[in-house]
Amino acid sequence: MARRALVLAAAGCTATVVLAACSSSSGTSGSPGGPIHRSAAAAATSPVPRSFSATVDNPWFPLPPGRTLVYSGTKDGAKSTEYLTATRETEKITGIPCRVVEDRLYTDGTLSETTRDYYAQDAAGNVWYFGEDTAELDAHGNMLSTEGTWRAGRDGARPGVFLPAHPVPGAAGQQEYYPGQAEDRFQILDLSSRVSVPYKTFSGALRTKEWTPLEPGVVDNKYYVKGIGTVKEVTVKGGPFEENVLTAVRG
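For the structure given in this document, a descriptive report is provided here.

What counts as what
Throughout this document, residue positions are counted from 1 along each chain, in the order its sequence is written. Reporting of local features is limited, given that this is a predicted model, to residues whose pLDDT is at least 70; pairs of side-chain atoms are given and counted only at 80 or more, and all residues count toward the totals for whole chains, interfaces and linings. In computing side-chain values, all of the structure's heavy atoms are included and hydrogens and water are not. Only Phe, Tyr and Trp rings take part, Trp by its six-membered ring, and two of them pair if their centres are within 6.5 Å. Stacked means planes under 30 degrees apart, edge-to-face means over 60, and tilted covers everything else. Under the DSSP-based scheme used, a helix requires at least four consecutive residues in state H or I and a strand at least two consecutive residues in state E, with every element numbered from the N terminus. Per-residue accessibility, obtained with a 1.4 Å probe over protein chains only, is compared with the maximum for each type, and a residue is labelled buried under 20%, exposed over 50%, and partly exposed between these values. A strand pair is defined by DSSP finding two or more bridges across the two strands. Put simply, a salt bridge is a Lys or Arg side-chain nitrogen that is within 4 Å of an Asp or Glu carboxyl oxygen.

### Quick look at the packing of aromatic side chains
Following the criterion strictly, the structure yields 11 aromatic pairs and no others. Considering the side-chain rings of F61 and Y224, the 6.4 Å spacing of their centres and the 70° angle between planes classify their relative orientation as edge-to-face. Remark: Y224 occurs in strand β13 (residues 219-225) and F61 occurs in the loop between β1 (52-53) and β2 (68-75); sequence separation between them is 163 residues. Seen from their ring centres, Y119 and Y129 are 5.0 Å apart, and the 45° between their planes marks the pair as tilted. Note that Y119 is positioned in strand β5 (residues 110-122) and Y129 in strand β6 (residues 127-137), a separation of 10 residues in sequence. Residue classification places Y129 among the buried positions, given a relative accessible area of 0%. Ring pairing ties together the aromatic residues F61, Y119, Y129, W150, F162 and Y224, which thus form one cluster.

Here it is in structure tokens:
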């Protein structure tokens, strides 16, 4: 979905640079994931550059440069393989240094999509998502579309918290905000899930519910493991079934 105004519904805001004021649990609902505090989202401001770094070492979503996570699964009814590489590149977005993550998606053995994702971490350890450059390709490698591309600071797009530093069950947030294009949201369900993937079986995984109002009724679960990051994503409600599971860690 990997994603902008901070809307944490926990007992306190964890970010040092607050993009949205903490609110009570009386937010509005109307989405598969439950309450989202729209009044807080509306209060978002621009992050302060000095409070951010391209070094992302949040234990639930670390991005050590040079490491590649390999996934296999099902997407749009086809077999998929995905390579997620934290590069040594950084890029400034709204003046903030972001880690560049390259995402290469193969369906039925053919490269079908390439994406450059931009992440930064604030002083409190929250991982922020600042945008993506996406290209959908045909079977010959020709670009078909760049739909889904967005960057914070352009055309009203705003960054958001991809994963908080200290996740607690019930916390919820908007991971990205580019109206009509990128509006992913999440809610933390628990930190004690057991999950088996081809790479390994883990206990104590962080499990989230993720959805977007752009695809009403579709809900995914994601599983994060300390020291690795995402190990599984699976559709649990609505839409065509999709799944992505970790098969290897390289570097």
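### Thoughts on the pairing of β2
With eight bridges joining them, β2 and strand β3 (residues 78-93) adopt antiparallel strand pairing. Residue pairing for β3: G73 is matched across the bridge by S80. Where β2 folds back onto β3 in an antiparallel hairpin, the turn is made up of two residues, including D76, whose phi is positive at roughly 55°. The pairing of β2 with strand β15 (residues 243-250) spans seven bridges and is classified as antiparallel. The residue of β15 that forms the bridge with T74 is E243.

### Observations regarding the pattern of salt bridges
What the rule picks out here adds up to nine salt bridges. Close ionic contact of E102 with R116 constitutes a salt bridge, the shortest N to O distance being 3.8 Å. With a gap of 14 residues between them, E102 in strand β4 (residues 96-107) and R116 in strand β5 connect regions that are remote in the sequence. With a relative accessible area of 31%, E102 lands in the partly exposed category. Given the relative accessible area of 23%, R116 is considered partly exposed. Measuring nitrogen to oxygen at the nearest pair gives 2.7 Å for the salt bridge that ties R207 to D190. With R207 in strand β12 (residues 201-211) and D190 in strand β11 (residues 185-196), this residue pair connects regions lying 17 residues apart in the sequence. Accessibility expressed as a relative area gives 23% for R207, which makes it partly exposed. Residue classification places D190 among the buried positions, given a relative accessible area of 14%. Salt bridges linked by common partners bring E89, E91, E102, R116, D133 and R151 together as one network.

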